[in-house]
Structures are given as structure tokens and as C-alpha cells.
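An overview of the molecular structure
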Amino acid sequence: MTEFYDALETRSPEQRDADLFASLRQQLENAKHHSAYYQKSLEGIDPETVRNRAALAALPLLRKSDLPALQEEAPPLGGIATVQTGRLRRLFLSPGPIVEPEGDKEHWRMARALHALGIRAGDRVINTFSYHLTPAGFMFDHACAKLGACVFPGGGGNTEQQATAIARLGLTAYVGTPDFLKIILVRMDEAGQDASTLLRALVTGGPFFPNLREWYAARGIEARQCYGTAELGLIAYETGGASDGMVTDEHVLVEIVRAGTGDPVAPGEVGEVIVTTFNPLYPLIRFATGDLSAVMPEPSPCGRTALRLRGWMGRADQTTKVRGMFVHPSQVARIIKPHDKIGRARLVVTEEGGHDQLTLHVEYAGEVNGLADILADAIRAECRIRGAVVIEQPGTLPNDGRVIDDRRSLGV
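Residue positions are given per chain, counting from 1 as you read along its sequence in written order. Whole-chain, interface and lining totals are the exception, using all residues; otherwise, since this is a predicted model, local features are given only for residues with pLDDT of at least 70 and side-chain atom pairs are given and counted only at 80 or more. Only hydrogens and water are removed before side-chain values are computed, so all heavy atoms of the structure are retained for them.

As annotated in an unreviewed UniProt entry, the chain is AMP-dependent synthetase from Phyllobacterium brassicacearum.

Okay, structure coming up:
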């Protein structure tokens, strides 16, 4: 029988949405009054009117890719924080560079993912994420403490010392990237060290390939993955096998939108992951992660009732350069927006005889009636370069969230 972290995990979808939108309205009010950034971006928006996902979708996006420029213009946090920097507990600097704050309370919420894996008080967890410069080490350290588990703060690298710690301390669980645990275990095998106490692993920060998952299972290690970012904390986590997808955290509002836009896609369609969190000191409202995923409409077999994602499916930022001009997914969205019968669209970039070629493939259910010429003109006006257009039958293009498909490096 599943042991849930709390009663929130089995709420009805209707109750969950009601609770999340009540928190959202409170966060919008907080951000409008105390954040310089949101005073501008939310100008004219009445928080009390945001009561459903349609109203949420009308709010502006904050793109992760824009954070470096925002923070350079208004250091150190781009005007997003609602308090002065000196009131924060820690500041981190991740690659980008992007500054991330830690507030006066733990707000990354990773304990829920560890609990779903089976981590409990009395476990001894090796945390191989770094405690320096970036927040990942602290994210999981706080989570273990919340569950009453003991932490060995291994940090990154130092494979031999990590192996020795597992053997000497009888560590029972691992937190880190998917591949580093295998490196440690192989080293332990070579040295004749006992790793039999280590039974569980929560991995993130890289692809978790099926063959690696099987390798851990063959050693008697139950390994699951979670999905999160340094800014947002936990977004979703596995509660069973890979085919079960990832259950979203109880304290985030997750949307899937067409890449390059803020427009929600239909359930099951691949798009960009958009997340809203409720940390009052650092509000992130409709934060565009740049990651691709899709909603799994059916309930999770584990009994949790939150929205499920298929997991990380690639990057949404597919910007490329064609004939000296940058082409963005948002431009493709603007090209097709006037035509509501267009389904999926994909701009394919190839090379022929040393020249870039641009072809827009669109799924269209109605009468064509010169649509290809209209779209070709729109490509030229929007992207300032010429491109061909191919009209496809609905369901022809892959459901992978890709809007720009640059095939030049493949020699296609």
C-alpha cells in the first residue's frame, strides 16, 4: 500500500486547482506590491480575476533565458525578489550566469520526491551534489533533514572517498546525477568494497537512460528520477517505473504550452514546461523553463492525483541562424497564429549546394485555398528570408514539441 507524504497528494483535481489558484492570487498580489519587476509586467492585471487556467494563460511569461540580462540590468536578482538581498539566507551563481536566492525558509520542496522513493528517518544518504556556488547540494540536504534522514555531504568528484564513505558508513541511499553512482559502484567493485547497504537512489541533473536504470536494478538498487531547477525547486518526480511518468509537486502550477508562445497545448501534446511557484520572497509566475514535456491525462497508478508529466523530453529553445538571420520558435508561432485550423507546425532547415533552405510544414484540416502562398509571404515578412511551404494531413508531424528542425548538421 502506498504511503503518501501528506493528504495533499490525494486531493481531487478540483480541490487542488482551487487551492493552487487561491495561492496564485495571493502571490500575484504580493508580487505586484513588492517586486519591481512584477509591478511592471503585471500592470493592469487584477489578481482576483485569475481563477482558472484560461486566465492564467493570459499572464505574461518570464523566460529563464531572459534572467541573465534582467539580472545584469538590475543586479543581483533582476528586480524579481520582494525583499532586500540582505534579508536572504544565501545567494548562488549557476552557469548562465544566473543568480538564485535561498530565502529564510526551505522552498525547494525536494522532500516529497525522496519520500516517494522510500527515504525515511534513519536512512543515511550520500549527497553528491555540490554545496558550492550552486544550490543543488543544499536543496537535497534540506529535504533529507525534513525527513529525519542523516546526510553524508559528499559533493561532486572524489570518487574514491565517496566509495569509502559508502562502505565505512553503511550509507543506504544516493542523491546525485544518474551516471555518477555507477562510477562509484564500479570503483567499489574494483577495490572489493561492500556496497550492499545502498538500496535506493534519487537521480536528476542528466538523462537517465533505460540501460542504466536496468543496471542499478540488477544490483538491487531502486533508482528513480525527479525533475526540478535551481530557481523552482521540485517540479515533478517518479513514483514508480519510467512508464508511469512523473507526478507534479503539490506546490507548483504547471502548464504545457506551444514552444515560443504562452498558449497551452492539448493534453498529450509535447510543449514547453511553464511553472508557477509560491515562494513569497522570490515569485516566479509563468516561468518558462525551456524544457519540453507532455501531460499524461490518465491518473497515476500510485494513487496520487496530481498532474503527470512524461518527463524531460528535450529543449524548447530551438533558435537557429539561417542565411545570417536568427529564426525563433516564437516567429513560427506568429506565422501560423492567424490560421486557427493549423495544427502542428515545423520549420525544417536544410542545406543544398552550400545554401540554406527553409521549409515550413503545417498540418491543416481545411480547404487549402492558397494557404501555402499566404504562409510563404508570412515567412518572408516575419523572418526576412524566403521559405517553401508544405501542407500536411493532421497527425503527420511528430508529437515531439519541435518547432524548428535544423537538419544541416546531419547532412540532410
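Picking up where we left off.
1. Quick notes on the packing of helix H10 (residues 329-336) against helix H11 (residues 371-383)
Every axis in this analysis is a line fitted to C-alpha atoms, fitted for helices over the stretch in contact. Angles between the N-to-C directions lie between 0 and 180 degrees. Helix and strand assignments follow DSSP, with helices taken as H or I runs no shorter than four residues and strands as E runs no shorter than two, numbered in order from the N terminus. Contact pair H10 / H11: the axes reach a minimum separation of 9 Å and the direction vectors enclose 140°. Between H10 and H11, the crossing angle belongs to the class labelled oblique. Seen from above, H10 lies across H11 with right-handed handedness. Residues Gln331, Arg334 and Ile335 of H10 pack against Leu375, Ala378, Ile379, Glu382 and Cys383 of H11. To sort the angles, those under 35 degrees are grouped as roughly parallel, those over 145 as roughly antiparallel, those from 65 to 115 as roughly perpendicular, and the leftovers as oblique. What makes a crossing left-handed is the near helix being turned counterclockwise from the far one by less than a right angle; a clockwise turn instead makes it right-handed. In this description, contact between two residues means that some pair of their heavy atoms is separated by no more than 4.5 Å.

2. Comments concerning the pairing of strand S8 (residues 222-229)
Relative accessibility under 20% of the residue-type maximum defines a buried residue, over 50% an exposed one, and the middle range a partly exposed one, all with a 1.4 Å probe and only protein chains included. Burial of S8 is extensive: six of the eight residues sit out of reach of the surface. Orient the strands so they point away from the viewer; a crossover is then right-handed if the path from the first strand over the helix to the second runs clockwise. In terms of handedness, the path from strand S7 (residues 200-203) via helix H9 (residues 210-218) over to S8 forms a crossover that is right-handed. A pair of strands is treated as paired once DSSP finds two or more bridges between them. For S8 and strand S9 (residues 233-238), the ladder comprises four bridges, and the chain directions are antiparallel. Within S9, the residue paired with threonine 229 across the bridge is glycine 233. Where S8 folds back on S9, the antiparallel hairpin that results is connected by three residues.

3. Notes on helix H6 (residues 136-147)
In this model, H6 (twelve residues) spans 17 Å end to end at C-alpha, consistent with the 16 Å of a helix rising 1.5 Å per residue. Across the twelve residues of H6, nine count as buried, placing the element largely inside the fold. Those residues of H6 not exposed but buried are Ala136, Gly137, Phe138, Met139, Phe140, His142, Ala143, Cys144 and Leu147. Residue glycine 148 follows H6 closely and has a positive phi angle near 85°. Expected span of a helix: the number of residues minus one, times 1.5 Å.

4. Quick notes on the pattern of salt bridges
Basic side-chain nitrogens of Lys or Arg form a salt bridge, by our definition, when they fall within 4 Å of a carboxyl oxygen of Asp or Glu. Under the criterion given, the structure shown has 30 salt bridges. Put simply, arginine 112 and glutamate 9 hold a salt bridge, and the shortest N to O gap is 2.8 Å. Within this pair, whereas arginine 112 is found in helix H5 (residues 111-117), its partner glutamate 9 is found in the segment before helix H1 (13-34), the two being separated by 103 residues in sequence. Like glutamate 9, arginine 112 is buried.

5. Thoughts on the sheet that holds strand S4 (residues 124-127)
Taken in spatial order, the nine strands make up an open sheet running S5-S4-S6-S7-S8-S9-S10-S15-S14, and their pairing is mixed. Pairing within the sheet leaves two strands with one partner each, and these edge strands are strand S5 (150-153) and strand S14 (295-296). Pairing geometry for S4 and S5, over four bridges, is parallel. From the neighbouring strand, valine 125 faces S5, where its bridge partner is valine 151.

6. Details of the sheet that holds strand S11 (residues 252-257)
The four strands lie next to each other as S1-S13-S12-S11, forming an open sheet whose pairing is mixed. Every interior strand has two partners, whereas the edge strands, strand S1 (62-63) and S11, have only one. Two elements, S1 and strand S13 (residues 287-293), share two bridges in a ladder whose sense is parallel. Opposite arginine 63, over in S13, you have alanine 288 as the bridge partner. Each of S11 and strand S12 (271-277) touches H1; the most contacted strand, S11, lies at about 95° to it.

7. Examining the nonpolar core
In a soluble, globular protein the nonpolar side chains are often hidden away together inside. As used in this record, nonpolar core signifies buried Ala, Val, Leu, Ile, Met, Phe, Trp, Tyr and Cys residues forming a set joined through side-chain atoms within 4.5 Å. Of all hydrophobic cores here, the largest spans 41 residues; its most connected members are Tyr38, Leu62, Leu67 and Ile80. Sorting the residues of this core by element identifies H1, helix H2 (36-41), helix H4 (67-73), strand S3 (98-102), S9, S11 and S12 as the ones contributing at least two each. Per element, the largest residue contribution to this core is five residues, and it comes from H1. Discounting residues that sit within four places of it in the chain, leucine 62 has contacts with Tyr37, Tyr38, Leu67, Leu70, Ile80, Leu284, Ile285, Arg286, Phe287 and Ala288. Membership of the second largest hydrophobic core comes to 29 residues, among which are Met110, Leu117, Val125 and Tyr131.

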